[in-house]
Amino acid sequence: MEKKMVGTSERREQIIQHLRRTGSVQVNELASLHGVSTVTIRNDLAYLEKQGIAMRAYGGAIINDTPGSPAEPTVDEKSMRNTGVKHRIGQKAAEIIEPGHRIILDSGTTTLEIARCMREHHDVIAMTNGMNIGSALLEAEGVELLMTGGALRRQSLSFYGTQAEQSLQNYHFDILFLGVDAFDVERGVSTHNEDEARLNRQMCEVVDRIIVVTDASKFNHSGLHKIIDTQRIDTIITDDSIPAQRLQELRKMGINVLLVEA
């Protein structure tokens, strides 16, 4: 049977999913499965090792499940991490939103905290691709809610795909509150999923200001799918446990960094 050829990013995403299912992969098996050369697969595994996702082993690779590995947790697992910090970040972000603002809330557990802090806001238009964020905003009677629509990704309770991307094209917003899976100052902001990264890039194209909201644990990590370069960010809201060197680098770039208590 003829194998369907896919792009590099999609193939690497499939290799990651294979790693998560089985814990290890073999070069020859992957080459046969994807219809590419063993050299191509070794390059893929070298890239995943550089990203901290896999560790090379004889004839293949094994998943990197050590602390700090960027393997994607479920939304429930994320919601139990750094909950106090995320709430304080959400409060700080909500203080920026003023009457008349048109905002986008990206999916994520930190942006969910922003939505929960908007119950008293009024004369605000908010669009989101997060199903749980939309539910939280139902309690904010003064906020007009728009949903991107699209296909639902249950892992993150987020909508994605062509419909979601096209829903943004006829709008212009003041602020995007962007949650991230990983933040490397040199490499930029990234996430685990290619579809979400593509939608996030579309969000960045239809706003005046990009505000990244993330707890400091996401720094010094890099995900597989890049969203934007660090230089495009206007403001970062994080906690005061951010590495001092990273804080200094960001401020030297002219990025406004707002800190909450860790």
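Residues numbered from 1 in each chain as written. Predicted model: local features only at pLDDT ≥ 70, side-chain atom pairs only at ≥ 80, totals over all residues. Heavy atoms only, no water.

*Asks:* Talk me through the sheet that holds strand 5 (residues 122-128); I want residue IDs and the actual numbers.
*Replies:* One open sheet holds the seven strands; their spatial order is 6-5-4-9-12-14-15, and the pairing between them is parallel. Edge positions in the open sheet fall to strand 6 (142-147) and strand 15 (256-260), since each of these has one partner strand only. Neighbour-to-neighbour, the strand axes of this sheet turn through a mean angle of 20°, independent of strand direction. Of the strand pairs in this sheet, strand 4 (residues 102-105) and strand 9 (residues 173-179) are connected by three bridges, and their pairing is parallel. Following the sheet pairing, I104 is matched in strand 9 by L176. Strands strand 9, strand 12 (207-213), strand 14 (235-239) and strand 15 of the sheet are contacted by helix 5 (residues 83-96), whose axis makes an angle of about 130° with strand 15. Strand contacts of helix 9 (residues 194-205): strand 4, strand 9 and strand 12, with the helix running at about 135° to strand 12, the strand carrying the most contacts. (Pairing = 2+ DSSP bridges. Helix = DSSP H or I, 4+ residues; strand = E, 2+ residues; numbered from the N terminus. Axes fitted to C-alpha atoms, helices over the stretch in contact; angles between N-to-C directions. Contact = heavy atoms within 4.5 Å.)

*Asks:* Pulling in residues and values, what's your account of the pattern of salt bridges?
*Replies:* Throughout the structure, instances matching the rule amount to twelve salt bridges. Across the pair R198 and E165 runs a salt bridge whose closest N-O atoms are separated by 4.0 Å. Of this pair, R198 sits in helix 9 while E165 sits in helix 8 (residues 162-168), and the two are 33 residues apart along the sequence. Residue classification places E165 among the buried positions, given a relative accessible area of 16%. A salt bridge links R198 to E194, with the nearest nitrogen and oxygen atoms 3.7 Å apart. Taken together, the residues R198 and E194, both in helix 9 and four residues apart, mark about one turn of the helix. Within this structure, E165, E194, D195 and R198 form a network of salt bridges that share partners. (Salt bridge = Lys/Arg side-chain N within 4 Å of Asp/Glu carboxyl O. Buried < 20%, exposed > 50% of the residue type's maximum accessible area, 1.4 Å probe, protein only.)

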